Amino acid sequence: MADLDPRTLGERAERMILALGAISAEPRRLTRQFLSPEHRRAADLVGTWMKAAGLDVTEDALGTVRGHWASAGEAAGRNTGKRLLIGSHIDTVIDAGFYDGNLGVVAGILAAEHFAKAGKRLPFALDVLAFGDEEGVRFPATLNSSRAVSGEFREAALDLKDADGVTLREAILRYGKDPADIPAAAFSPDEVAGYVELHIEQGPVLENRNQPLGVVTAIAGQSYLSVELMGEAGHAGTVPMMMRRDALAGAAEIVLQAERMARDSRGEVVATVGVVTISAPATNVIAGHVVLIIDIRSGSDPARHDFVDRLKSAIRTVADRRHLGLQVTQTRNVATTPCTAAIQDGFAAAIAATGGEPLRLASGAGHDATAMARLCPVGMMFVRCRGGVSHNPAEYASPGDMGLAVAALIRFIEGFKA
Ligand code: GLV
Ligand code: MN
Ligand code: MN
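Please read all numbers here as calculations on a predicted model, not as lab measurements.

### Some thoughts on the overall build of the protein
No. 1: When you go through the protein residue by residue, the secondary structure sums to twelve helices and 15 strands.
No. 2: Viewed in the frame of its principal axes, the protein has a C-alpha envelope of about 80 × 45 × 40 Å.
No. 3: Here the contacts in the protein between residues at least 6 apart in sequence split such that 78% fall between residues at least 24 apart.
No. 4: Computing the positive centroid from 43 side-chain charges and the negative centroid from 50, the protein places the two 1 Å apart.

### Description of the pattern of salt bridges
No. 1: Counted by the stated rule, this structure contains 22 salt bridges.
No. 2: The partner of R304 in a salt bridge is D301, with the nearest N and O atoms 2.9 Å apart. With a gap of three residues between them, R304 and D301 both fall in helix α9 (residues 301-321), about one helical turn apart.
No. 3: Residue R304 is classed as buried on the basis of its relative accessible area, which comes to 0%.
No. 4: Since its relative accessible area comes to 19%, D301 is described here as buried.
No. 5: In this structure, a network of salt bridges that share partners links the residues R40, D44, E59 and K177.

### Remarks on the coordination of the manganese ion (ligand 3)
No. 1: Each protein donor to the manganese ion (ligand 3) is listed here as D100 (OD), E135 (OE), E135 (OE) and H391 (NE2); together their distances run 2.0 to 2.6 Å.
No. 2: In primary sequence terms, the donor set of the manganese ion (ligand 3) follows D-x34-E-x255-H.

### Considerations on the coordination of the manganese ion (ligand 2)
No. 1: Bound to the manganese ion (ligand 2) are the protein donor atoms H89 (NE2), D100 (OD) and H199 (NE2), situated 2.0 to 2.3 Å from the metal.
No. 2: Spacing between the donor residues of the manganese ion (ligand 2) along their common chain follows H-x10-D-x98-H.
No. 3: Between the manganese ion (ligand 2) and the manganese ion (ligand 3) the interatomic distance comes to 3.5 Å, and D100 is a ligand of both metals. Here the residue D100 occupies a position in the loop between β3 (83-89) and α4 (102-117), and H199 occupies one in strand β5 (residues 192-200), the gap between them amounting to 99 residues.
No. 4: What makes H199 buried here is its relative accessible area of 1%.

### As for the site of ligand 1
No. 1: Around ligand 1, a shell composed of E134, E135, R297, A365, G366 and H391 is seen.
No. 2: E135 places a polar side-chain atom, nitrogen or oxygen, 3.0 Å from an oxygen atom of ligand 1.
No. 3: Coverage of ligand 1 by the protein amounts to 90% of the 190 Å² it exposes when considered alone.
No. 4: Its residues assigned to classes, the shell around ligand 1 comprises one nonpolar, two polar and three charged.

### Considerations on the packing of helix α1 (residues 6-21) against α4
No. 1: Running from N to C, α1 and α4 point in directions that differ by 135°, and their axes come no closer than 10 Å. Classified by the angle their axes make, α1 and α4 are oblique. The handedness of the crossing between α1 and α4 comes out as right-handed. Between α1, through L9, R12, A13, M16, I17 and L20, and α4, the contact on the second element is made entirely by N102, L103, V106, I109, L110 and E113.
No. 2: Residue composition of the contact of α1 with α4, by class: nine nonpolar, one polar and two charged.

### What to know about the domain arrangement of the protein
No. 1: Annotation of the protein at the domain level lists domain 1 (6-219 + 336-415) and domain 2 (221-334).
No. 2: For domain 1 versus domain 2, the separation of C-alpha centres amounts to 34 Å.
No. 3: Contacts between domain 1 and domain 2 engage eight residues on the former and ten residues on the latter.
No. 4: For the pairing of domain 1 and domain 2, the buried interface totals around 490 Å² over both sides, and the portion due to carbon and sulfur atoms is 40%.

### Some points on the nonpolar core
No. 1: Counting 75 residues, the largest nonpolar core has V46, L126, L409 and I413 as the members making the most contacts within it.
No. 2: Looking at this core, the element that brings in the most residues is α4, giving ten residues.
No. 3: Among all residues touching L409, those that are not within four sequence positions of it are I86, A107, G108, A111, V196, L198, F347 and M381.
No. 4: Grouped together as the second largest cluster of nonpolar side chains are 25 residues, A247, A251, I254 and A314 included.

### Regarding the environment of A111
No. 1: Secondary-structure assignment places A111 in helix α4.
No. 2: The class of A111 is buried, set by a relative accessible area of 0%.
No. 3: Distance from A111 to K177, taken between C-alpha atoms, is 29 Å for residues 66 residues apart in sequence.
No. 4: For A111, the residues in contact, after removing those within four places along its chain, are V406, L409, I410 and I413.

### Topic: the packing of aromatic side chains
Note on aromatic pairs: each is described by the distance of the centres and the angle between the planes.
No. 1: A full pass over the atoms with the stated rule returns six aromatic pairs.
No. 2: Centroid distance F34 to F139: 6.5 Å. Interplanar angle 85°. Geometry classified as edge-to-face. Pair noted here: F34 is in the loop between α1 and α2 (37-53) and F139 is in the loop between β4 (125-131) and α5 (144-150), with a separation of 105 residues, a long-range link. In terms of burial, F34 and F139 fall into one category: buried.
No. 3: Plain terms: the ring middles of Y99 and Y396 are 6.0 Å apart, the flat faces sit at 75° to each other, and that makes the pair edge-to-face. Remark: Y396 occurs in the loop between β15 (378-383) and α12 (399-415) and Y99 occurs in the loop between β3 and α4; sequence separation between them is 297 residues.
No. 4: With a relative accessible area of 4%, Y99 lands in the buried category.
No. 5: By relative accessible area, Y396 is classed as partly exposed at 26%.
No. 6: Each residue in the set F124, F347, F412 and F416 is aromatic and connected to the rest through ring pairs, giving one cluster.

### Brief notes about the side chain of D295
No. 1: For D295, the location among the structural elements is in strand β11 (residues 289-298).
No. 2: With a relative accessible area of 15%, D295 lands in the buried category.
No. 3: Looking at D295, its side chain comes within polar contact range of the side chain of Y224, at 3.4 Å.

How each quantity is defined
Residues numbered from 1 in each chain as written. Chains lettered and ligands numbered in written order. Predicted model: local features only at pLDDT ≥ 70, side-chain atom pairs only at ≥ 80, totals over all residues. Heavy atoms only, no water. Helix = DSSP H or I, 4+ residues; strand = E, 2+ residues; numbered from the N terminus. Contact = heavy atoms within 4.5 Å. Lys, Arg positive; Asp, Glu negative; His and termini not counted. Charge placed at Lys NZ, Arg CZ, Asp CG, Glu CD. Salt bridge = Lys/Arg side-chain N within 4 Å of Asp/Glu carboxyl O. Buried < 20%, exposed > 50% of the residue type's maximum accessible area, 1.4 Å probe, protein only. Donors = N, O, S within 2.8 Å, 3.2 Å for Na, K, Ca; no water. Near = heavy atom within 4 Å. Polar contact = N/O pair within 3.5 Å; in protein donor to acceptor, adjacent residues only side chain to side chain. Areas by Shrake-Rupley, 256 points an atom, 1.4 Å probe, with all protein chains shown as cover. Nonpolar A, V, L, I, M, F, W, Y, C, P; charged D, E, K, R; others polar. Axes fitted to C-alpha atoms, helices over the stretch in contact; angles between N-to-C directions. Parallel < 35°, antiparallel > 145°, perpendicular 65-115°, else oblique. Left-handed = near helix turned anticlockwise from the far one by under 90°. Domains from an automatic or database assignment. Buried area = accessible area lost by both parts, 1.4 Å probe. Core = buried A, V, L, I, M, F, W, Y, C linked by side-chain atoms within 4.5 Å. Phe/Tyr/Trp six-rings, centres within 6.5 Å; stacked < 30°, edge-to-face > 60°.

Now the structure itself:
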């Protein structure tokens, strides 16, 4: 058997994370968007590692790299058996940390290598998947690559445009793939026994509890509200304050209102405005047209829906008082994804086997597992990250913790019942 020593596994994981982190669109910070030249280079590196690990490597129409380790039955030419899918993503946010998504892909390769290098066949096949569209930074949608694998890809997504006006369809063609092949990327539910994902926690719970690993119970549901405010552009020096219809001042009130309401929910709902777009920004012009996007999340779908309804009515009140035109569009409504109980228990046993206390916690961040839950049972394991920091270049997980995580993933696979 290849090495199960967490220390060696952690050092290897760190070297691979650093190598992937060097592949960026920008010289001094990590930015790697879906179907970009950087995505291509990262996918090539991942493919090389998968091959070296002894896996059969293919790539689907959305650029997802797949490393396959055949089941015992398949290797003997009998039956193909089921598959256990292990995945995460290699796209990043702008000015990202190195670990978000990338760690899950690296861990999947190291875990599959453990079996492949020893020639150990399992009753089920392993498929390691490196998705490319988890962050939703390039196109106004997300999880397209995992949706394609779960058979949930929506044809309409092909017409979405990036900031340069390039459609997803064009981006796929430029990447050397054919949108007509997307349906072939889907697995059928009866050939898949489960999907598992290892990810940094992106929050502070494990660090506070002094534990390296945790079992994810559910992935929070999400709503996005796109709010367009139409005021009147005017001269910053001449229009009296009482005569203005300032769209940006209205937007500011809405940002604070969303924050106030989320704080009042006492941890049940979180709300964030990370994008505010002023149509013709200038120091000396009153903003006439502003669009902001509000990201709302909760582990409780009723609480999230109630929050969205109350926030929409508060937004209307602000717009009316300020005489602003208003258009509110809900651009995302994703239900909370529960993690399958048997997979949670499998991860808990694997964490205990590596000497940890199997803490259970929910995920506030979105993951490819949400799309995969449409196909099969899903589960996730979290790895402690320093200060709970993520979506930030300061993101960090120690080699020691990553090594324990890979060892626990291997234990999980050994105990998995397809
Ligand atoms: C992805 O990182 C998300 O949770 O939005
Ligand atoms: Mn992620
Ligand atoms: Mn992320």
